[in-house]
Amino acid sequence: MIPTTMKAAVLKKPLEMELRELPVPKVSGDEVLVKVMAVGVCGSDVHYYEHGRIGRHVVEQPIILGHECAGIVVATGDRVSRVKVGDRVAIEPGVTCGTCAYCKEGRYNLCPDVSFLATPPVDGAFTQYIKHREDFLYPIPDGLSFEEAALIEPFSVGIHAARRAGLMPGSAVAIMGMGPVGLMAVVAAKAFGASLIIATDLLSNRLVAAEKLGATHTVNILEQQPEEAIRAITGGEGVDVAFETAGHPKAIQSALASVRRGGKLAIVGLPPQDEIGLNVPMIADREVDIYGVFRYANVYPQAIRFLSSGIADVTPLITDRYPLEQTRDALERARTQKEKSLKVFVYPNGLPE
């Protein structure tokens with residue numbers, strides 16, 4: 001029985017959350033109603049919570065955050081054929097137009113009319129039910145938990161980065177920044193067959209997690225210069241591909257300096273400022289290819305197969321669990337306890353048993 005109202009954690013203004021009672025969405029056509037079972041707290045959620053904006057995206061009215069999510073199909077519109085009531089699904093948060101040139105060429109992540117969960121003014125998943133278009137829902141096998149299915153979202157960023165950079169089996173890879181996206185990029189590099197995976201960060205708990213997920217080497221940047229350490233590990237050559245996932249100017253510069261001649265740099269993280277200094281003569285002299293990475297496209301099915309294969313146990317990443325009523329506490333935990341927490345989760349319909 002689907003209720004008529006639901007609870008939602010709403011961001012009223014920076015650092016201020018409110019639990020509200022809202023109508024459960026009605027679905028029709030190709031729309032699906034999903035009972036949200038698990039939502040990962042993303043760095044973007046924390047940024048909106050703390051600052052009320054990310055770049056050009058500004059919170060101008062109360063908004064529901066959360067976009068890394070999974071749940072159970074409870075109702076479908078009359079044109080839905082890909083999923084059915086009772087299906088456990090991973091939710092790809094960005095719904096695109098499907099008709100623009102970018103969508104038609106398969107790069108729908110660049111669609112100018114994308115409606116992305118928890119990106120103002122679109123509400124997200126810190127709520128008990130959401131309405132979503134069927135073609136952005138993916139059934140998951142019974143062996144995959146809702147938490148793992150929610151982690152498909154940050155995992156997809158790493159897979160998309162690996163695809164963009166043409167990561168090949170046997171490659172040497174450096175990943176700068178072991179936040180959740182960086183950690184899942186370690187899994188992506190492993191899945192694509194990288195034989196040398198170097199993870200860098202300044203927090204030891206994140207480096208330990210990276211090793212458990214498949215990193216062959218770790219570098220604590222408080223103790224070593226990352227580019228020097230990476231050169232030493234690679235016999236002076238540098239890596240074939242560097243992923244910058246920290247969103248820090250110094251990390252981008254270090255990643256560039258760590259790439260071998262003819263290597264590749266994938267920029268995943270977003271620094272707080274629009275412009276940073278890069279060594280252009282180095283880029284030209286070494287013929288370094290630089291790839292921008294924006295979200296992902298056509299990745300979820302592959303990501304589900306990878307995680308379902310058991311290539312890495314990602315469940316230890318989930319360090320903190322909160323019910324919907326404590327969403328503010330969850331955001332505070334993610335904001336202030338990075339040295340203790342890896343991935344914080346919110347459960348809109350109750351904590352798992």
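Residues numbered from 1 in each chain as written. Predicted model: local features only at pLDDT ≥ 70, side-chain atom pairs only at ≥ 80, totals over all residues. Heavy atoms only, no water.

1. Digging into the sheet that holds strand β18 (residues 289-292)
Point 1. Reading across from one edge, β15-β14-β13-β16-β17-β18 is the order of the 6 strands in this open sheet, with parallel pairing throughout. Each edge of the open sheet carries a strand with a single partner, namely β15 (217-220) and β18. Between one strand and the next, the sheet's axes are offset by a mean angle of 15°, whatever the strand orientation.
Point 2. By the bridge criterion, 4 bridges tie strand β13 (residues 172-176) to strand β16 (residues 239-244) in an arrangement that is parallel. Counterpart to Ala174 in the pairing with β16 is Ala242.
Point 3. Against the sheet, helix α8 (residues 249-258) makes contact with β13, β16 and β17 (259-267), and its axis sits at roughly 150° relative to β17, the strand it touches most. (Pairing = 2+ DSSP bridges. Helix = DSSP H or I, 4+ residues; strand = E, 2+ residues; numbered from the N terminus. Axes fitted to C-alpha atoms, helices over the stretch in contact; angles between N-to-C directions. Contact = heavy atoms within 4.5 Å.)

2. Things to note about unusual backbone geometry
With the exception of glycine, most residues fall at negative phi, and the peptide bonds are largely trans.
Point 1. The omega torsion across Pro120 and Pro121 is 5°, close enough to zero to call that bond cis.
Point 2. With respect to the element layout, Pro121 can be found in the loop between β10 (115-116) and β11 (129-133).
Point 3. Positive phi is not limited to glycine here, since Arg295 has a value of about 55°.
Point 4. The topology assignment puts Arg295 in the loop between β18 and α10 (300-308).

3. Let's talk about the packing of helix α4 (residues 152-164) against helix α5 (residues 180-191)
Helix-helix packing is characterised by the crossing angle of the two axes and by the distance between the axes.
Point 1. The geometry of α4 relative to α5 is characterised by a closest axis approach of 8 Å and an angle of 55° between their N-to-C directions. Compared by their axis directions, α4 and α5 come out oblique. Helix-helix and strand crossings are classified by hand; for α4 and α5 the assignment is right-handed. Listed contacts from α5 to Pro154, Phe155, Val157, Gly158 and Ile159 of α4 are Val181, Met184, Ala185, Val187 and Ala188.
Point 2. Its residues assigned to classes, the contact of α4 with α5 comprises 9 nonpolar, 1 polar and no charged. (Parallel < 35°, antiparallel > 145°, perpendicular 65-115°, else oblique. Left-handed = near helix turned anticlockwise from the far one by under 90°. Nonpolar A, V, L, I, M, F, W, Y, C, P; charged D, E, K, R; others polar.)

4. A closer look at the pattern of salt bridges
When the charged atoms of two side chains with opposite charge come close together, those side chains can pair.
Point 1. Enumeration over the complete set of coordinates arrives at 15 salt bridges.
Point 2. As a salt-bridge pair, Lys12 and Glu18 come within 3.6 Å of each other at their nearest N and O atoms.
Point 3. For Lys12, a relative accessible area of 34% gives the class partly exposed.
Point 4. On the accessibility criterion, Glu18 (29% relative accessible area) is partly exposed.
Point 5. A salt bridge links Asp320 to Arg333; the shortest N-O distance between them is 2.9 Å. With Asp320 in strand β19 (residues 318-323) and Arg333 in helix α11 (residues 327-336), the pair connects residues that are 13 residues apart, well separated along the chain.
Point 6. On the basis of relative accessible area, Asp320 is assigned to the buried category, the value being 9%. (Salt bridge = Lys/Arg side-chain N within 4 Å of Asp/Glu carboxyl O. Buried < 20%, exposed > 50% of the residue type's maximum accessible area, 1.4 Å probe, protein only.)

Function cannot be read off these values alone, since they describe shape.
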